[in-house]
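Breakdown of the fold
Take a look at the letters that make up each chain.
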Amino acid sequence: MYSRLVLTLLFAFFSSIFQVVAAATQETEASIATFISPTGAGNLTYALIAAKNGDVRMHLSAPATYQWVGVGTGSEMDGSVMFILYENADKLNATLSTRLSDGHNEPSYSKNVECELEATEGHNSIVQKDNSRYYSVNIYCRNLTAHGKGDGKLDFSNTKQPFVYAWGPADGALLSASKSASIKRHVAYGNFWIDLTKAASPNLESNITLTGNSLLITQNAGSDGQAESDGDKVGPAHAAIMLAAFVVIFPLGAVLLRFLESVKTHSIVQTIGLLATVFGVGVGLYLSRMYNHSKNVSSGHQVFGLILLILLLVQWAIGFHHHLRFRKYKRSTLYGRLHLYAGPTIVLGGIINGFTGFNFSREPHNNVYYGAVVAVVLVIVLSSLVWKRWSKNKQPKHNRIMEDDEQNHDAFRMNVVRGSGEVR
Ligand code: HEM
Ligand code: HEM
């Protein structure tokens, strides 16, 4: 009787110990998912543990060479809940910005996503690893399943829950503590999945570590192919078209008017410039939708650019109107005078808007090269116009293509085409 009782107690004791050990082993082995992807400058590592109540703990580390790095829920940007890191102004800490995305635009900060950096030693900052600087943080999120749309909403019963990851350009740190700081478009992005049924823990407060060996290999997760590089062509296209119009085409149109003495050539070239500007502004408006700092079309660069477009349309109409009147009455008009002064002013305004454009897109270093090109173009254009005017003044009167009477009415030298056979 006594020995049976002892045996039963011993059995109960060992089986409870066995259960505890089994549970602990299961918890540490099967309750974390880790995804690792090379970025070119070092690995991006994302690890996650989820609790049934919707809370999630995660780890994110990646090279701090990149202006920002981010991981988001779901298979695409639209509907994703994103965790984005960038460098704080103190250069020691990382700023965590939780953002929601509605498509192929800059995601917007949402304070409703309750995530915060955990003050784990060595994981709430920028750390030195293999001679490189890395973002390395642990994040605690409450009720994360409440956010996101479509497959961007976490489903803890999903054995292949999709995620996205991306990183920004490597051309200068953001150095901002603001959670809604403007980020530039990614240079690369990719997809991966996590088996959320395995990355679960009944209790997140239990001390499952998001450090050490569990972060060294991909487990309970997998990648959907390599990261793709993002060939952003919209920003460069806008800049190239606008600068070609204001720095090359319009100045060329002015020079050709004087050198070929052909209003027709002038009008064709300036019409091409105007069409390029209309197209470039269209691209600018499309680009504006992509970033939070430009989507309201209220910045100086955008408003001034739109004003310049309107002035250019008026300038084109005035030039045409003057030309028709000159052909009819053979005398200078007020429209002609206006056209003559407004032209260089608008073109100069456009050239200046190029400088504000590079500042607006946080590429101010480009202004050095742009400034050099502008200086060369201005010197060539101005010196050739001055030379042409000077050489014309030296011409004997009878060689000039205009009659004296017309010359007197053409003090502004708008109409130098007499005898050229061109349509005026
Ligand atoms: C300024 C911020 C961002 C902008 C302007 C932006 C814009 C875009 C654009 C235009 C595409 C389509 C590219 C193409 O089809 O060639 C795209 C795709 C993608 N982006 Fe972003 N993105 C931004 C931030 C992010 C962030 C933070 C992530 C992830 C953390 C991300 C992940 C992705 C992924 C995975 C794709 C491919 C899947 C899809 O089409 O949604 N993006 N993005
Ligand atoms: C005279 C007219 C304009 C010129 C010469 C001009 C030129 C430029 C240049 C050089 C950039 C820098 C691009 C880069 O770094 O990749 C830029 C950026 C930009 N421009 Fe314009 N632009 C003009 C008008 C406009 C207008 C009318 C709009 C829209 C209403 C606009 C919207 C933008 C946007 C959204 C950016 C990019 C901002 C970013 O990357 O964050 N621009 N522009």
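Residues numbered from 1 in each chain as written. Chains lettered and ligands numbered in written order. Predicted model: local features only at pLDDT ≥ 70, side-chain atom pairs only at ≥ 80, totals over all residues.

1. Some words on the overall build of the protein chain
Put simply, the rule reads: In this description a helix means any DSSP run of H or I spanning at least four residues, a strand means any run of E spanning at least two, and both kinds are numbered starting from the N terminus. For every residue, the other C-beta atoms within 10 Å of its own C-beta are counted; 20 or more classify it as buried, 12 or fewer as exposed, and values in between as partly exposed. C-beta atoms are placed from the backbone. Contact between two residues is assigned when their C-beta atoms, built from the backbone, lie within 7 Å.
Looking only at helices and strands, one finds seven helices and 15 strands in the protein chain. Within the protein chain, the proportion of its 424 residues that are buried is 31%. Counted over contacts in the protein chain with a minimum sequence separation of 6, partners at least 24 positions apart contribute 68%.

2. Here we look at the site of ligand 1
What counts here: Using a C-beta atom placed from the backbone, a residue is described as near a molecule or strand when that atom lies within 6 Å of it. Ten residue types, Ala, Val, Leu, Ile, Met, Phe, Trp, Tyr, Cys and Pro, are classed as nonpolar, four, Asp, Glu, Lys and Arg, as charged, and the remainder, Gly among them, as polar.
In the vicinity of ligand 1, 22 residues are found, and the nearest of them are Gly-70, Glu-76, Glu-106, Val-164 and Ala-166. A breakdown of the residues in the shell around ligand 1 according to their chemical character gives eleven nonpolar, six polar and five charged.

3. Remarks on helix H5 (residues 334-360)
The test is simple: Multiplying 1.5 Å by the helix residue count minus one yields the expected span of that helix. By definition, a residue's bend is the angle between the axes fitted to the seven residues ending there and the seven starting there.
The end-to-end C-alpha distance of H5, which contains 27 residues, comes to 37 Å, matching closely the 39 Å that a straight helix rising 1.5 Å per residue would cover. At Ala-342, H5 shows its largest bend, some 30°, and a proline, Pro-344, comes one to four positions later. Looking at H5, one finds that the buried residues are Gly-336, His-339, Gly-343, Val-347, Gly-350, Ile-351, Asn-353, Gly-354, Gly-357 and Phe-358. Buried residues in H5 make contact with helix H2 (234-260), helix H4 (300-329) and helix H6 (366-393). Arg-362 occupies a position one or two residues after H5 and carries a positive phi of about 55°.

4. With respect to unusual backbone geometry
Phi angles above zero are rare outside glycine, and Lys-91 is one such case at about 60°. Among the structural elements, Lys-91 can be located in the loop between strand S5 (81-87) and strand S6 (94-100). On the basis of neighbour counts, which here come to 11 C-beta atoms within 10 Å, the residue Lys-91 falls in the exposed class. Look at Leu-175: it is not a glycine, yet its phi comes out positive at around 50°. Within the secondary structure, Leu-175 is located in the loop between strand S11 (161-167) and strand S12 (188-194). Among the residues examined, Leu-175 registers 14 C-beta atoms within 10 Å and is labelled partly exposed.

5. Details of the nonpolar core
Formally: One nonpolar core equals one set of buried Ala, Val, Leu, Ile, Met, Phe, Trp, Tyr and Cys residues connected by C-beta atoms within 7 Å.
Judged by nonpolar contacts, the single largest core of 51 residues is most densely connected at Tyr-46, Leu-48, Leu-60, Trp-68, Leu-85 and Ala-199. Elements with a minimum of two residues in this core: strand S1 (33-38), strand S2 (43-51), strand S3 (56-63), strand S4 (68-73), S5, strand S10 (132-142), S11 and S12. Excluding residues within four positions of it along the chain, Leu-48 makes contact with Ala-33, Val-56, Met-58, Ile-194 and Ala-199. In terms of nonpolar packing, the next biggest core, distinct from the first, is built from eleven residues, Ala-239, Leu-243, Phe-250 and Ile-351 among them.

6. Quick look at the site of ligand 2
Around ligand 2, a shell composed of 28 residues is seen, among which Met-242, Gly-284, Gly-305, Gly-357 and Ser-361 lie nearest. Among the secondary structure elements, those contributing two or more residues to the shell around ligand 2 are H2, helix H3 (263-288), H4 and H5. With seven residues, the single largest contributor to the shell around ligand 2 is H2. By residue class, the composition of the shell around ligand 2 is 14 nonpolar, 13 polar and one charged.

7. Observations concerning the pairing of S12
Quick reminder of the rule: Strands qualify as paired when DSSP identifies two bridges or more between them.
Bridge count for S11 against S12 is seven bridges, and the pairing is antiparallel. Bridging across to S12, Tyr-165 finds its partner in Gly-190. Where S12 meets strand S15 (residues 228-229), two bridges bridge the pair, whose relative direction is antiparallel. Paired with Tyr-189 across the two strands is Glu-228, which belongs to S15. Summarising the sheet, S12 and strand S14 (residues 221-223) pair through three bridges and their orientation is antiparallel. In the sheet register, Trp-193 faces S14, and the bridge partner there is Gly-222.

8. A word on H4
Over its 30 residues, H4 extends 42 Å from the first C-alpha to the last, a length consistent with the 44 Å expected when each residue adds 1.5 Å. Among the residues of H4, those classed as buried are Gln-302, Gly-305, Leu-308, Leu-312, Gln-315, Ile-318, Gly-319, His-322, His-323 and Phe-326. Where H4 terminates, the next one or two residues include Lys-330, which has phi positive at roughly 55°.

9. Overview of the environment of His-323
If you trace the backbone, His-323 turns up in helix H4. The spatial distance from the C-alpha of His-323 to the C-alpha of Thr-333 is 9.0 Å, given a sequence separation of ten residues.

10. Some points on the environment of Ala-240
Looking at the element boundaries, Ala-240 is found in helix H2. Since 14 C-beta atoms lie within 10 Å of it, Ala-240 is described here as partly exposed. Taking C-alpha positions, Ala-240 is 8.4 Å from Gly-280, a pair spaced 40 residues apart along the chain.

11. Quick look at the confidence of the model for the protein chain
To keep things clear, this is the line we draw: Every residue carries a pLDDT, the predictor's confidence in it, which falls somewhere between 0 and 100.
Confidence along the protein chain averages 86 in pLDDT terms, with 84% of residues attaining 70 or more. Every residue in residues 17-30 scores below 50 in pLDDT, and together they form four contacts with partners more than four places removed in sequence or on other chains. Below a pLDDT of 50 lies the segment residues 414-424, which in the model reaches 28 contacts outside its immediate sequence neighbourhood of four places, other chains included.

12. Observations concerning the environment of Ile-346
With respect to the helices and strands, the residue Ile-346 is situated in helix H5. According to the C-beta neighbour criterion, Ile-346 is partly exposed, with 19 such atoms within 10 Å. Discounting residues that sit within four places of it in the chain, Ile-346 has contacts with Leu-308, Leu-311, Leu-312 and Gln-315.

13. Remarks on the packing of H2 against H5
Worth spelling out the cut-off: Note on geometry: axes are lines fitted to C-alpha atoms, helical ones only across the stretch in contact, with angles between N-to-C directions running from 0 to 180 degrees. Here the word oblique covers every angle except those under 35 degrees (roughly parallel), over 145 (roughly antiparallel) and from 65 to 115 (roughly perpendicular). Left-handed describes a crossing in which the near helix is turned anticlockwise from the far one by less than a right angle; the clockwise case is right-handed.
In contact at an axis separation of 10 Å, H2 and H5 are set at 155° when each is read in the N-to-C sense. One element, H2, and the other, H5, form an angle in the roughly antiparallel class. Note on packing geometry: the crossing formed by H2 with H5 is left-handed. On H5, the residues that touch Ala-239, Met-242, Leu-243, Phe-246, Val-247, Phe-250, Pro-251 and Ala-254 of H2 are Gly-343, Val-347, Gly-350, Ile-351, Gly-354 and Gly-357. Classifying every residue of the contact of H2 with H5 gives ten nonpolar, four polar and no charged.

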